[in-house]
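Chain and residue survey
Listed below are the residues making up each chain.
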Amino acid sequence: MDIPALSVAMSQSKLKTDVGISVLKMAQDHSAQQSQQLVQMMAQSVQPHLGGSIDLKG
């Protein structure tokens with residue numbers, strides 16, 4: 001059994017896993033930030049005085 005090679009392979013596997021988790025966390029944070037910005041933008045675009053009445057003149 002080649003212990004040093006196995007150790008290197010396990011270390012590389014752990015590094016890949018850690019990097020993958022970090023990238024997913026970054027993507028999750030970015031997605032949450034975009035969602036918050038979208039909610040803020042939608043809240044600012046609300047105009048409650050529009051659409052309350054219709055003029056029907058013929």
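Scroll up to find the structure.
Not measured: the values here are computed from a predicted model.

A word on the overall build of the protein chain. Across its full length, the protein chain holds 1 helix and 0 strands. For 58 residues, the compact-globule formula gives about 10 Å, and the C-alpha radius of gyration of the protein chain, at 27 Å, lies well above that figure. Taken over the C-alpha atoms alone, the protein chain extends approximately 90 × 20 × 10 Å along its principal axes. Taking all 58 residues of the protein chain together, the buried fraction comes to 0%. Of the roughly 5800 Å² of accessible surface on the protein chain, 61% is carried by carbon and sulfur atoms. Put simply, the protein chain has 4 plus and 4 minus side-chain charges, and the middle of one group is 3 Å from the middle of the other.

Among the surface-exposed residues, Met1, Ile3, Leu6 and Met10 lie close enough to one another that they form a single nonpolar patch of about 510 Å² accessible area. Locating Met10 in the fold gives a position in helix H1 (residues 3-45).

With that settled, the discussion passes to the pattern of salt bridges. All told, the structure shown has 1 salt bridge when counted by the stated rule. Between Lys14 and Asp18 there is a salt bridge, and its shortest N-O distance comes to 2.8 Å. Of this pair, Lys14 and Asp18 both sit in helix H1, 4 residues apart, which is roughly one turn of the helix. With relative accessibility at 35%, the residue Asp18 sits in the partly exposed group.

Mapping Ser35 onto the fold places it in helix H1. Through-space distance from the C-alpha of Ser35 to that of Ile54 is 34 Å; in sequence the pair is 19 residues apart.

The rules we used
- Residues numbered from 1 in each chain as written.
- Predicted model: local features only at pLDDT ≥ 70, side-chain atom pairs only at ≥ 80, totals over all residues.
- Heavy atoms only, no water.
- Helix = DSSP H or I, 4+ residues; strand = E, 2+ residues; numbered from the N terminus.
- Rg over C-alpha atoms; globule rule 2.2 N^0.38 Å.
- Buried < 20%, exposed > 50% of the residue type's maximum accessible area, 1.4 Å probe, protein only.
- Areas by Shrake-Rupley, 256 points an atom, 1.4 Å probe, with all protein chains shown as cover.
- Lys, Arg positive; Asp, Glu negative; His and termini not counted.
- Charge placed at Lys NZ, Arg CZ, Asp CG, Glu CD.
- Patch = residues over 30% accessible without salt bridge, like charges linked within 9 Å, V, L, I, M, F, W, Y side chains within 5 Å.
- Salt bridge = Lys/Arg side-chain N within 4 Å of Asp/Glu carboxyl O.

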